[in-house]
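Secondary and tertiary structure notes
Next come the chains, spelled out residue by residue.
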Amino acid sequence: MNKVTRSFLVLMGLAALNALWANGLDQLVTDCNACHGDAGNSQQPQVPSIAGFSEFYLDENLRVYRDKARPCLESAYPASYKANQKVTMCQLATDLSNEQIAQLAQHYAKQKFKPAKQSFDPKKAELGAKIHQQQCEKCHAAGGSDPADDAGLLAGQWLPYLKQTFAEYDAGTREQTKKMAVKFNALDAASKDALLHYYASLQ
């Protein structure tokens, strides 16, 4: 076998592997979109939108779920997808390879985040804006809308999802960074609720 033939076969093999990987990624994206919405913009208030998050943040969080280092609440697929079969993020991530996680992170980081259209209390949102500016802006810039912070997107995220996340922080079942814990744990319930309405107001 000459060098030209070998090179051709190697290229053909790589092309075949890339095609298999692309098909596999398509299925993973389909499974993710079933709950997180088309292109990662959720239509379910209990499920976060993940479009436009930083690649680093998405990669890190999928690894956390794979390693079961975060609460894995059970939820149901939409009836139109898997007949309301129940599942957790830990179950979905358990068999993901590092390469698959990286590909999913790259995919959703490229999508455009669409703020959730939802109701909120304007007075609470006004108070929440002040609390955010004083306590949260340093790590969650522009009202929590900058993916470069590697801290997810708070602005326009679903209020019910964020409320559940805050409850996990309060219960100590979801880890916080040390700097965040100092500030978050010092807030009273009314201040935390005001923050939720502020993020919901950023539509």
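Here the focus is the side chain of Asn33. Among the secondary structure elements, Asn33 is positioned in helix H1 (residues 3-36). For Asn33, the contacting residues outside a window of four places in its chain are Asp38, Ala39, Gly40 and Tyr108.

A pair of packed helices is captured by two measures, namely the crossing angle of their axes and the spacing between those axes. Packing of helix H6 (residues 122-136) against helix H10 (residues 189-201) leaves a shortest axis separation of 7 Å and a crossing angle of 100°. Classified by the angle their axes make, H6 and H10 are roughly perpendicular. Across the interface between the two elements, Lys124, Ala125, Leu127, Gly128, Ala129, Ile131, His132 and Cys136 of H6 pack against Ser191, Asp193, Ala194, Leu195, His197, Tyr198, Tyr199 and Ser201 of H10. In terms of residue class, the contact of H6 with H10 is built from nine nonpolar, five polar and two charged.

A few words on the state of the cysteines. In this structure the tally under the stated criterion is one disulfide. Between Cys72 and Cys90 runs a disulfide, and the two sulfur atoms are separated by 1.6 Å. One disulfide, between Cys72 and Cys90, carries an S-S torsion of 50° and so falls in the right-handed class. With Cys72 in the loop between helix H2 (55-66) and strand E1 (75-76) and Cys90 in helix H4 (residues 89-93), the pair connects residues that are 18 residues apart, well separated along the chain. Take Cys90: its relative accessible area is 6%, and that puts it in the buried class. The closest cysteine sulfur to the non-disulfide-bonded Cys32 is located on Cys35, 8.8 Å from its own sulfur. For Cys32, a relative accessible area of 23% puts it in the partly exposed group.

Basis of the calculations
- Residues numbered from 1 in each chain as written.
- Predicted model: local features only at pLDDT ≥ 70, side-chain atom pairs only at ≥ 80, totals over all residues.
- Heavy atoms only, no water.
- Helix = DSSP H or I, 4+ residues; strand = E, 2+ residues; numbered from the N terminus.
- Contact = heavy atoms within 4.5 Å.
- Axes fitted to C-alpha atoms, helices over the stretch in contact; angles between N-to-C directions.
- Parallel < 35°, antiparallel > 145°, perpendicular 65-115°, else oblique.
- Nonpolar A, V, L, I, M, F, W, Y, C, P; charged D, E, K, R; others polar.
- Disulfide = S-S within 2.5 Å.
- Buried < 20%, exposed > 50% of the residue type's maximum accessible area, 1.4 Å probe, protein only.

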